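# Examination of the molecular architecture
One-letter residues, chain by chain:
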Amino acid sequence: MAGTLIVTGSSGLIGSESVTHFAARGWQVVGIDNNMRRDFFGPEGDTTWNLERLQASTPRFTHHALDIRDRRSVLALWSECKPDFIIHCAAQPSHDLAATRPFDDFDVNAVGTMNVLEATRQFAPGAVFCHLSTNKVYGDAPNELPLVELETRWEYARPEDRDGIRETMRIDLTKHSLFGASKLAADIMVQEYGRYFGMRTGCFRGGCLTGPTQSGAALHGFLYYLVKCCQTGRPYQVFGYKGKQVRDNIHAADVCRALELFQQAPRNGEVYNIGGGRANSISVLEAIDAAERITGRRLSWHYVDKPRIADHICYISDTSKLASHYPDWGITKTLPDIFSDIADEVKRRR
C-alpha cells in the first residue's frame, strides 16, 4: 500500500524518474534537491527545468530545497514526514570532480548518506531505504579480468566473465578515485544499518544510468552528453583505451521498477549490481556511431591518449542476483529505445 516516499536528489535523473513513477502509483512524494548539480557542473548541470516539470505535472509531489549535509534540517523533515519509503539518489557523481573538491564530495556522498540513514533510524525505522550506489565501489579491480581487443570494443576473454561483474568483485586493494571511496563509505554504511540495526536497506550499484531527464555534462552523464554534443555540433573528447571502453546502459525507468520490487519485498542490507547487462552494453566508439545515426549528424570528437584515473576498461553489470531475487524484473528499454528517448529530449530542450 502506498504511503509517503522521500526522494533525495529528486530533480536528477533517477530521482525525477522515481517521483513520477511512484506518484503515479499513489505515493505522496516528498522531494529533496538543492540543485547542487549546477554548482558541480555549471549551467549544463542545472536541474531547475526538471523541478519545474515535476511541479507542473505531478500533483502528489512537494519539493524541499534542502541540503542533505544539513543534519538538523534532515532530521526535522524526517520527524515531520515519517516516511514509509526512502530513495536516496542525492550525490556528487563525478570521479574527476571529486579530486578537485574532496571535502564537498565526501560530505555529500558519505556524510549526507549518514544523515539520511540516521534520520530514518530515528523517525522511520520500519521504512524501506533504497540507496543508489555505483559500480565505482569496485575501483579498478574489474580491469584485472583478462580482456581481448576487438575492432570496436574491449571484451572479456573468459567465458565465465561473459555476463559481467558480480557483487562478489572485491572492493579492497584497488584504486577507486575519491568519488568511488566516498560512495563506498556510503554503500557500506547502508549495508550496516540493514545488518546491524535490522533496517530494510538495499544498495543498488549502478552501471551507466541514463535517460532523457538527465542534465548531462562533460564530467557526468556519458550517453546523454554524447548525443547532445552530436546534436548540437559541440566537440567531444574521448579519454584513453582507444575509445573501446565498454559500459552497459540502463534506462531510469528500469531502475525504478527494481526499486519498486525491492520496496514490496525488501532484504535487509542487500546489495545488487544494476545495469543494462550485455544486451545494453556499448563502447564509446559504438556509441558515437549510434549517436550519429540517430541524429543524422557527424560528431566532432578528439582522442586523448590518457584514460581517466581508475576508469573501467570493460564494465558490464551481471544482474543475475537481482533477477533471481525479483523474477518480475528485467530490462524493458533497449539501447535503441534509450538513444531515441535521449535524442528526442535533446531536440525538445534546445
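The present account deals with the structure reproduced in this document. Every value quoted in this text rests on a predicted model; they were computed, and no experiment measured them.

## Some points on the overall build of the protein
When you go through the protein residue by residue, the secondary structure sums to 12 helices and 15 strands. The C-alpha atoms of the protein give 19 Å as radius of gyration, which agrees with the globular expectation for 350 residues (20 Å, within 12%). Taken along the three principal axes of its C-alpha coordinates, the protein extends 55 × 45 × 40 Å. By the burial criterion, 58% of the 350 residues in the protein qualify as buried. A separation of at least 24 residues holds for 83% of the contacts in the protein among residues at least 6 apart in sequence. When the accessible surface of the protein is split by element, carbon and sulfur atoms take 52% of a total near 14300 Å². Of the charged side chains in the protein, 41 are positive and 42 negative; the average position of the first set lies 2 Å away from that of the second.

## Looking at the pattern of salt bridges
Close approach of charged atoms allows side chains of opposite charge to pair. Here the structure, examined in full by the defined rule, presents 27 salt bridges. Measuring nitrogen to oxygen at the nearest pair gives 3.3 Å for the salt bridge that ties Glu44 to Lys228. Of this pair, Glu44 sits in the loop between helix 2 (36–41) and helix 3 (48–57) while Lys228 sits in helix 8 (residues 222–232), and the two are 184 residues apart along the sequence. For Glu44, a relative accessible area of 23% gives the class partly exposed. Of the charged contacts, one joins Glu292 and Arg298 as a salt bridge, the two residues approaching to 3.3 Å between their closest N and O atoms. The exposed category is assigned to Arg298, whose relative accessible area is 71%.

## Details of the sheet that holds strand 2 (residues 28–32)
Strand order in the open sheet formed by 7 strands is 3-2-1-4-5-8-12, and the pairing between neighbours is parallel. Single-partner strands in this sheet number two, and they are strand 3 (61–64) and strand 12 (270–274). Each strand of the sheet is rotated relative to its neighbour by a mean of 20 degrees, with strand direction disregarded. Note: strand 1 (residues 4–8) against strand 4 (residues 85–88), 4 bridges, orientation parallel. Residue pairing across strands places Thr8 opposite His88, the latter belonging to strand 4.

## Considering the packing of aromatic side chains
Going through the model one piece at a time under the given rule, you end up with 12 aromatic pairs. Between the aromatic rings of Tyr196 and Phe197, the centroid separation amounts to 5.0 Å while the plane-to-plane angle is 80 degrees, which identifies the pairing as edge-to-face. For the ring pair Phe262 and Tyr272, a centre distance of 6.3 Å and an interplane angle of 75 degrees mean the geometry is edge-to-face. Highlighted residues: Phe262 in helix 9 (residues 252–264) and Tyr272 in strand 12, separated in sequence by 10 residues. Here the aromatic cluster, defined as three or more aromatic residues joined through ring pairs, consists of Phe204, Phe262, Tyr272 and Tyr326. The ring of Phe197 has Arg121 lying over it, and the distance from NZ or CZ to the ring centre is 4.3 Å.

## So, the environment of Thr319
As for its placement among the helices and strands, Thr319 is situated in the loop between strand 15 (314–315) and helix 11 (320–325). Thr319 sits 10 residues away from Trp329 along the chain, and the two C-alpha atoms are 10 Å apart. When residues no more than four places from it in sequence are discounted, the contact partners of Thr319 are Asn273, Ile274, Gly275 and Trp329.

The rules behind the values
- Chains are numbered independently. Their residues run from 1 in the order of the written sequence.
- Given that the model is predicted, a residue must reach a pLDDT of at least 70 before its local features are reported, and side-chain atom pairs must reach 80 or more before they are shown or counted; all residues, however, enter totals for whole chains, interfaces and linings.
- Excluded from the side-chain calculations are hydrogens and water; all other atoms, namely the structure's heavy atoms, are used.
- Each helix corresponds to a stretch of at least 4 residues labelled H or I by DSSP, and each strand to a stretch of at least 2 residues labelled E; elements are numbered beginning at the N terminus.
- Note on method: radius of gyration uses C-alpha positions; expected globular size equals 2.2 Å times residues raised to 0.38.
- The cut-offs for exposure are 20% and 50% of the maximum accessible area for each residue type, with area from a 1.4 Å probe on protein chains only; residues under the lower value are buried, those over the upper are exposed, and the others partly exposed.
- Contacts are residue-level and defined by heavy atoms, with any inter-residue pair within 4.5 Å sufficient.
- In these tables, accessible area is a Shrake-Rupley quantity obtained with a 1.4 Å probe, and a residue counts as shielded only by the protein chains included in the view.
- By the counting rule applied here, Lys and Arg register as positive and Asp and Glu as negative, while His and the ends of each chain are not counted.
- For the purpose of locating charges, the reference atoms are NZ of Lys, CZ of Arg, CG of Asp and CD of Glu.
- Each reported salt bridge corresponds to a side-chain nitrogen of Lys or Arg within 4 Å of a carboxyl oxygen of Asp or Glu.
- Each pair of strands is called paired provided DSSP finds at least two bridges between the two strands.
- Each axis is a line fitted through C-alpha atoms, taken for helices only over the stretch in contact, and angles between the N-to-C directions span 0 to 180 degrees.
- Here the aromatic set is Phe, Tyr and Trp, taking the six-membered ring for Trp, and pairing holds for ring centres within 6.5 Å; pairs whose planes are under 30 degrees apart are stacked, those over 60 apart are edge-to-face, and all others are tilted.
- To sit over a ring, a charge needs its Lys NZ or Arg CZ within 6 Å of the ring centre and within 35 degrees of the ring normal.

These values are about where atoms sit, not about what they do.
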